[in-house]
Amino acid sequence: MVLLSCPLRPTRRSGTSHPRLTERGADSIDDMDRLRHGGLPRLFSGVRAPSTLGSYLRSFSHGHVKQLHAVARRFLPELAAHTPLLPGADQVAYVDIDDTIRRTYGYAKQGAGYGYSKVKGLNALIGIVSTPLAAPVIAATRLRKGPSNSARGAAAFVAESIRTARACGAGGLLVVRADSAFYGADVVNACRALGVRFSVTVRMNASIKAAIAGIDEAAWKAIKYPKAVWDEEAQCWISDAEIAETTYTTYTAFTSKPKKQQVTARLIVRRVKRLNPAAVPEGQGTLFDTWRYHAAFTDSPLSLIDAERDHRRHAVVEQVIADLKNGPFAHAPSGHFQANAAWLALAALAHNLTRAAGALASAFHAKATTATVRDHLINVLARLARSARRLTLHLPEHWPWADDFTRLFDLVHAPPPTT
């Protein structure tokens, strides 16, 4: 994003080009050298050496990281106020929570350990905000030790993500979505305390199984997926299923907790046929159908079909995690835990800046992956020329994204409106 703030005048004239402008999706401290080669030192002053950046990150304490999180909480609403980052947030918005393991190697990483994935690494908790019209942006991050339980500190993290979403203009229907790792009284009650809806995948315990068994067979409705959905358990693509729900007043969750922590809401259930071709002789049909069940606990005001569809869209958080792991969080670059925590927070800031640039550039880039935005609009080949003590960037001729880049450049450099 440094390129977008430099006081240079881009042109579309052709010419040989060698310098890469601005950051190129760096994922390690050594990548700081990318800003110190070719013609880049002529454009940017004060570029530090990688060793200097590493020393700076290692100086971060837990308090410094918390301050960085506070900056991120204030920065995203300002970004949303000045760019079309979250269109439609005043009507419907979603907060999605998930965590992931960033694999590490060797023994020098503080906090690394084996988590739920049986992979040695660090645990990153991610909270995102999205709308039906916008790609997701990151509302909050936390770096935790590798063996950390997914739900550790989740209630406070959910509350922080909700407040950030509200500050971004999510004044209408706001739904928090999460998978079964976050199914707990503290998370659900944190949502209710802040006046937002929830939709959380439930674990198949005895209480859930009994509630599902009580659903009348006539209540099941067949649905078709416009696009096939990958079934992790069966390791195959499925294109149809059946859905139903328990009576709204009959399922109460967390009955082992005190009365004030118990929650009564809808239990939406999706079932798919259990397919095991190896167990059925060729040419012989099954004697009766068996099913696998997936349930979600929700107080969504939408219809059964819409609520179930909305819950499945929780998978959008995986897109953000993939973007981070394919970009700045491809590595936890330091051996110091707080340095890596600061790196994750900065990666989230960079992600949101890239999203804002895409939203300003074009409708296509508003929903493109961050790697695509970097490739089209940030990693720009240009030739430097100096005339009358003024630097000029000669951009490529017949460049496919010239109009998008020009639109972005003009909007960023437009004078602020007068009041």
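Above this text is the structure in question.
Being a predicted model, the structure only gives us computed values, none of them experimental.

A. Structural context of the packing of helix α4 (residues 62-82) against helix α5 (residues 154-167). Across the interface, α4 lies against α5 with an axial gap of 8 Å and an inter-helix angle of 30 degrees. With respect to each other, α4 and α5 are oriented roughly parallel. Here α4 runs over α5; the crossing is right-handed. Residues Arg-73, Leu-76 and Pro-77 of α4 touch α5, and the partners they reach there are Glu-160, Thr-164 and Ala-167. Looking at side-chain class alone, the contact of α4 with α5 contains three nonpolar, one polar and two charged residues.

B. Geometry of the nonpolar core. Counting 51 residues, the largest nonpolar core has Tyr-183 and Phe-297 as the members making the most contacts within it. For this core, the element with the highest residue contribution is α5, accounting for five residues. Setting aside residues up to four positions removed in sequence, Tyr-183 forms contacts with Val-200, Thr-201, Val-202, Arg-203, Ile-208, Tyr-251, Ala-253, Phe-254 and Phe-297. In terms of nonpolar packing, the next biggest core, distinct from the first, is built from 26 residues, Ile-138, Val-317, Ala-339 and Ala-348 among them.

C. Quick peek at unusual backbone geometry. The phi torsion at Ala-388 lies on the positive side, around 55 degrees, for a residue other than glycine. Relative to the elements of secondary structure, Ala-388 occurs in the loop between β14 (383-387) and β15 (390-394). A positive phi is found at Arg-389, a non-glycine position, where the angle reads about 60 degrees. Along the chain, Arg-389 falls in the loop between β14 and β15.

Parameters and conventions
- Residues numbered from 1 in each chain as written.
- Predicted model: local features only at pLDDT ≥ 70, side-chain atom pairs only at ≥ 80, totals over all residues.
- Heavy atoms only, no water.
- Axes fitted to C-alpha atoms, helices over the stretch in contact; angles between N-to-C directions.
- Helix = DSSP H or I, 4+ residues; strand = E, 2+ residues; numbered from the N terminus.
- Parallel < 35°, antiparallel > 145°, perpendicular 65-115°, else oblique.
- Left-handed = near helix turned anticlockwise from the far one by under 90°.
- Contact = heavy atoms within 4.5 Å.
- Nonpolar A, V, L, I, M, F, W, Y, C, P; charged D, E, K, R; others polar.
- Core = buried A, V, L, I, M, F, W, Y, C linked by side-chain atoms within 4.5 Å.
- Buried < 20%, exposed > 50% of the residue type's maximum accessible area, 1.4 Å probe, protein only.

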